[in-house]
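# Coordinates in review
If you want the building blocks of each chain, they are given just below.
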Amino acid sequence: GEQVEQRPPHLSVREGDSAFIICTYTDSATAYFYWYKQEPGAGLQLLMSVFSNVDRKEEQGLTVLLNKKDKRLSLNLTAAHPGDSAVYFCAVSGGSNYKLTFGKGTLLTVTP
Amino acid sequence: EAAVTQSPRNKVTVTGGNVTLSCRQTNSHNYMYWYRQDTGHGLRLIHYSYGAGNLQIGDVPDGYKATRTTQEDFFLLLELASPSQTSLYFCASSGGTGQLYFGEGSKLTVL
């Protein structure tokens, strides 16, 4: 089945710096890609979704890049602030789009 | 706003105990999911369902049963709890788009 590797597991940046998280997946039929954010004590919330026909998507200080050739998905938070401190998960799914496989998460800490 | 409510939020039981975790969604979603979250493993899918009476096996189903009684309600059952099932459990719902709406989690401790 699908395998998703996410790195780094921990990331610490200063306020105003960028934070970069990367995921690799194994199934070339993977069609849907997601980034979720989990704040302390809460469930996950969807940040961004990208479909396989998109290479780059930007929204509100977040940039998602998709490299289908290398089976790589990345998230870049530009100008991070302390409120961005959370655990970030990538998730992927195949054509069915109802069964997601999650990465193991990245704990991002943004210090003032 | 989508709403997924889990109960109980915290549960402590002993080895061999019987535990039921409840989940209710008011999103009119067809899909509901049970995940467990553990350090070093991320989120792992236990069971999911695409409608009342339906049950699909996830990636880590051993030791768990689940039942979807209505479109709104999805239950996770641990009939003989073991310490390895100590975890943070999340329920989620979706309309099949890949956008999952998560509950706030149920922390289970098995002594």
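Our subject is the structure listed above.
### With respect to the sheet that holds strand β3 (residues 19–25) of chain B
To summarise the sheet geometry, strands pair through backbone hydrogen bonds and adopt either a parallel or an antiparallel arrangement. All names here are of chain B. In space, the 4 strands of this open sheet follow the order β1-β3-β8-β7, with antiparallel pairing throughout. Where the open sheet ends on each side, the last strands, each with one partner, are β1 (4–7) and β7 (65–68). Going across the sheet, the axis of each strand differs from the next one's by a mean of 15°, ignoring polarity. The pairing of β1 with β3 spans 4 bridges and is antiparallel. Looking across to β3, one finds that Val4 is bridged to Gln25.

### Things to note about the interface of chain B and chain A
With 21 residues of chain B at the interface, the matching set in chain A holds 17 residues. Note on chain B versus chain A: buried area summed over both sides is about 1500 Å², and carbon and sulfur give 54% of it. On the chain B side of the contact with chain A, Leu43, Gly98 and Phe102 of chain B bury the most area, a combined 25% of that side's loss. At the surface where chain B touches chain A, the tally comes to 1 salt bridge. Across the pair Lys99 of chain A and Asp59 of chain B runs a salt bridge whose closest N-O atoms are separated by 3.3 Å. Viewed at the interface, chain A and chain B are joined by 5 residue pairs in polar contact (both at pLDDT 80 or more). Secondary structure elements with two or more residues in the side of chain B that touches chain A: β4 (31–38) and β5 (42–49) of chain B. Considering only residue class, the side of chain B that touches chain A consists of 9 nonpolar, 9 polar and 3 charged.

### A word on the side chain of Gln25 of chain B
Residues and elements named next belong to chain B. Its location among the elements puts Gln25 in strand β3. Looking at Gln25, its side chain comes within polar contact range of the main-chain oxygen of Gln71, at 2.9 Å. The contact partners of Gln25, leaving out residues within four places of it in the chain, are Ala3, Val4, Met32, Arg68, Gln71, Glu72 and Ser93.

### Some points on the state of the cysteines
All names here are of chain A. Scanning the model with the defined rule gives 2 disulfides over all chains in all. In this model, Cys23 is linked to Cys90 through a disulfide, with the two sulfur atoms separated by 2.0 Å. The sign of the S-S torsion, about -100°, decides the handedness of the disulfide formed by Cys23 and Cys90: left-handed. In this pair, Cys23 sits in strand β3 (residues 19–25) while Cys90 sits in strand β9 (residues 86–93), placing the two residues 67 residues apart along the sequence.

### Some words on the environment of Phe33 of chain A
Residue and element names in this part refer to chain A. Along the chain, Phe33 falls in strand β4 (residues 32–38). On the accessibility criterion, Phe33 (1% relative accessible area) is buried. For Phe33 and Thr63, which are 30 residues apart along the polypeptide, the C-alpha to C-alpha distance reads 13 Å. Excluding residues that lie within four positions of it along the chain, Phe33 makes contacts with Tyr25, Met48, Ser49, Val50, Ser52, Leu66, Leu73, Ala91 and Val92.

About the thresholds
- Residues numbered from 1 in each chain as written.
- Chains lettered and ligands numbered in written order.
- Predicted model: local features only at pLDDT ≥ 70, side-chain atom pairs only at ≥ 80, totals over all residues.
- Heavy atoms only, no water.
- Pairing = 2+ DSSP bridges.
- Helix = DSSP H or I, 4+ residues; strand = E, 2+ residues; numbered from the N terminus.
- Axes fitted to C-alpha atoms, helices over the stretch in contact; angles between N-to-C directions.
- Contact = heavy atoms within 4.5 Å.
- Buried area = accessible area lost by both parts, 1.4 Å probe.
- Salt bridge = Lys/Arg side-chain N within 4 Å of Asp/Glu carboxyl O.
- Polar contact = N/O pair within 3.5 Å; in protein donor to acceptor, adjacent residues only side chain to side chain.
- Nonpolar A, V, L, I, M, F, W, Y, C, P; charged D, E, K, R; others polar.
- Disulfide = S-S within 2.5 Å.
- Buried < 20%, exposed > 50% of the residue type's maximum accessible area, 1.4 Å probe, protein only.

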